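# Chain and residue survey
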Amino acid sequence: MEKPLTVVEISDTQVRVAVGYANNDKINLVYMAERPINGLISHGEIIDLTTLSQILSSMREFKNETTKEKFVVNEATLVLPSLGLNVFQCDKETNVVSPFGVIAQIDIENVISLVQKEAVPSGSEIIDIIPDTFTLEQGRSYINPPIGEHSNKIKVNAKIHCLPTRIVSEYKRACEAAHIKVRRLCVGSYALAELGKHVENLPVSYVLVDMGAEMSSISLIGNNTPYETIAFTSGGDDLVNRIVENFRISPEEALSLLKKYGYDERPLSYNPTIAKGNIDGVIKEFDPVSLNNIIRTFFNEDYFAQFDVTFENLMKGYPEAVRDLPIVFTGGFSKLIGFESLAKAKFQKSQSIHYLEPLTFGARDARFSAVIGAMYSASKYKGSLSDSR
């Protein structure tokens, strides 16, 4: 029987465990679990590893309600946050093992192992090595591993993904303490770009904005692969806190208002009371217009301001034309009701605006984008470092 694809993603506020199969270039889910982990991680740093591992361990076992088959997640692909991601380009060449000059999987692994020996910045480690092209004698070039082709030499042009060692080791420890062996590592922006390959009408090169709860990131994606990612500390939780401060209501009430009303510019025949707060001993009523004002002010004065600074840092060293690439939004915060109108007003000069979310049944929400993208990444042999683990 085909081995299932298993993925673990640990974000700032949620941990997700997914199991599925790849079939005809689609992902069929058999299990998707999600648990809140508020307060256990802050801006990518694990604060309470013990509790996090206990929650993760409680998600390992499940039963398929259709087949009644029991599953235990013992190993998985681990999706890591893109914080501190460095991407390097590297070319390496080696001789083919076979005396008959036939390319085999061992030749792919050998040339990738040469790339793995490249020096990386201090405090970082290689997460994955993603081949762009393989080149054989006579200049023959292949995107996929050229297994079975004839050549005495093989050359690879690949991208090296590096992350801070402290982040990698802590996230791996959380899985291992939950008795889940990490078989593959996948950086979040790469997983999102992999999902993008399977979404119709999405451009191949774009600026990717992943909107999370505590943090957001901006990635430059070229030809469906990340070149660079920079994060900034603003997300959905900050908007919730802004509403709490202004309306003097609980975070749960504020989140409920965002889910129910969001940002809605349509004229209303009347303005109903949607919340009541105690301000200096006086009960004050708030309507949708008040909520709109808070949301609009938050984006214009906070979120988009931080976006602009981060975007300028990301664009340093790239041609001017890169600034006009399409923008693709993903992540749970991008699903805020009315965000599209705010984005249109902000990014008028961009070539086009798109939204990335999986179409997989059981995971049709932008917050599952990285999980499904990681499944796509693990479903085919690409000759990457993760494939040989």
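This text gives an overview of the structure that appears in the document. Here the structure is a predicted model, which means the values were calculated and not measured. Each chain has its residues counted from 1, following the order in which its sequence is written. Since the coordinates come from a predicted model, pLDDT governs what is reported: local features require at least 70, and pairs of side-chain atoms require 80 or more to be given and counted, while whole-chain, interface and lining totals use all residues. Hydrogen atoms and water are omitted, and side-chain values are computed over all heavy atoms in the structure.

### Remarks on helix α6 (residues 251–260)
Stated precisely, the cut-off is as follows: Relative accessibility under 20% of the residue-type maximum defines a buried residue, over 50% an exposed one, and the middle range a partly exposed one, all with a 1.4 Å probe and only protein chains included. The helix and strand labels rest on DSSP assignments: H or I over at least four residues marks a helix, E over at least two residues marks a strand, and numbering proceeds from the N terminus. When we speak of the arc, we mean the arc of directions from the helix axis to the C-beta atoms. Contacts between residues were defined by any pair of non-hydrogen atoms, one from each residue, lying within 4.5 Å.
Residues A254, L257 and L258 constitute the buried set of α6. Across the axial projection of α6, the buried residues extend over an arc of 95°, all falling on one side. Every exposed residue of α6 that faces more than 90 degrees away from the buried side is listed here: E252, K259 and K260. Residues of α6 that are buried in the fold lie against α5 (236–247), β17 (275–279) and α7 (288–315).

### Section: the sheet that holds strand β14 (residues 206–211)
The cut-off we apply is this: Pairing between two strands requires that DSSP report at least two bridges joining them. What counts as an axis is a line fitted to C-alpha atoms, over the stretch in contact for a helix, and the angles between N-to-C directions run from 0 to 180 degrees.
The strand order across the open sheet built from five strands is β16-β15-β14-β19-β20, with neighbouring strands paired in mixed fashion. Since the sheet does not close on itself, it has two edges, and those belong to β16 (225–232) and β20 (353–355), each with one partner. For this sheet, the mean angle separating the axes of adjacent strands, direction not counted, is 20°. Bridge count between β14 and strand β19 (residues 327–330): four bridges; the pairing is parallel. Directly across from D210, in β19, lies its bridge partner T330.

### Thoughts on α5
What counts, and what does not: In a helix, the anticipated span is given by 1.5 Å times the number of residues less one.
For α5, with 12 residues, the first-to-last C-alpha span of 17 Å sits near the 16 Å given by 1.5 Å per residue. Those residues of α5 that sit buried are G236, L239, V240, I243, V244 and F247. In an axial view of α5, the angular spread of the buried residues amounts to 145°, which keeps them on one side of the axis. Buried residues belonging to α5 abut α6, β17, β18 (282–286) and α7. R248 sits one or two residues past α5 and shows a positive phi near 55°.

### Describing the side chain of D128
Examined against the element boundaries, D128 turns out to sit in strand β10 (residues 124–136). What makes D128 buried here is its relative accessible area of 4%. In this view, D128 contacts K159, I160, H161, L185, S384, L385 and S386; residues no more than four positions away in its chain are not counted.

### Considerations on the packing of aromatic side chains
For clarity, the cut-off: Ring pairs shown here join Phe, Tyr and Trp side chains whose ring centres sit within 6.5 Å, with only the six-membered ring taken for Trp; geometry is labelled stacked below 30 degrees between planes, edge-to-face above 60, and tilted in between.
Under the criterion given, the structure shown has 20 aromatic pairs. Between Y303 and F333, the ring centres sit 5.8 Å apart and the planes meet at 80°, which makes this aromatic pair edge-to-face. Taken together, the residues Y303 in helix α7 and F333 in the loop between β19 and α8 (339–346) connect sequence positions 30 residues apart. Considering the side-chain rings of F307 and F311, the 5.8 Å spacing of their centres and the 10° angle between planes classify their relative orientation as stacked. Remark: F311 and F307 occur in helix α7; sequence separation between them is four residues, near one turn of the helix. Residue class for F307 comes out buried when judged on its relative accessible area of 3%. For F311, a relative accessible area of 11% corresponds to the buried category. Here a set of aromatic residues connected by ring pairs shows up, and it is made of F232, F298, F299, Y303, F304, F307, F311, F329, F333, F339, F347 and Y355.

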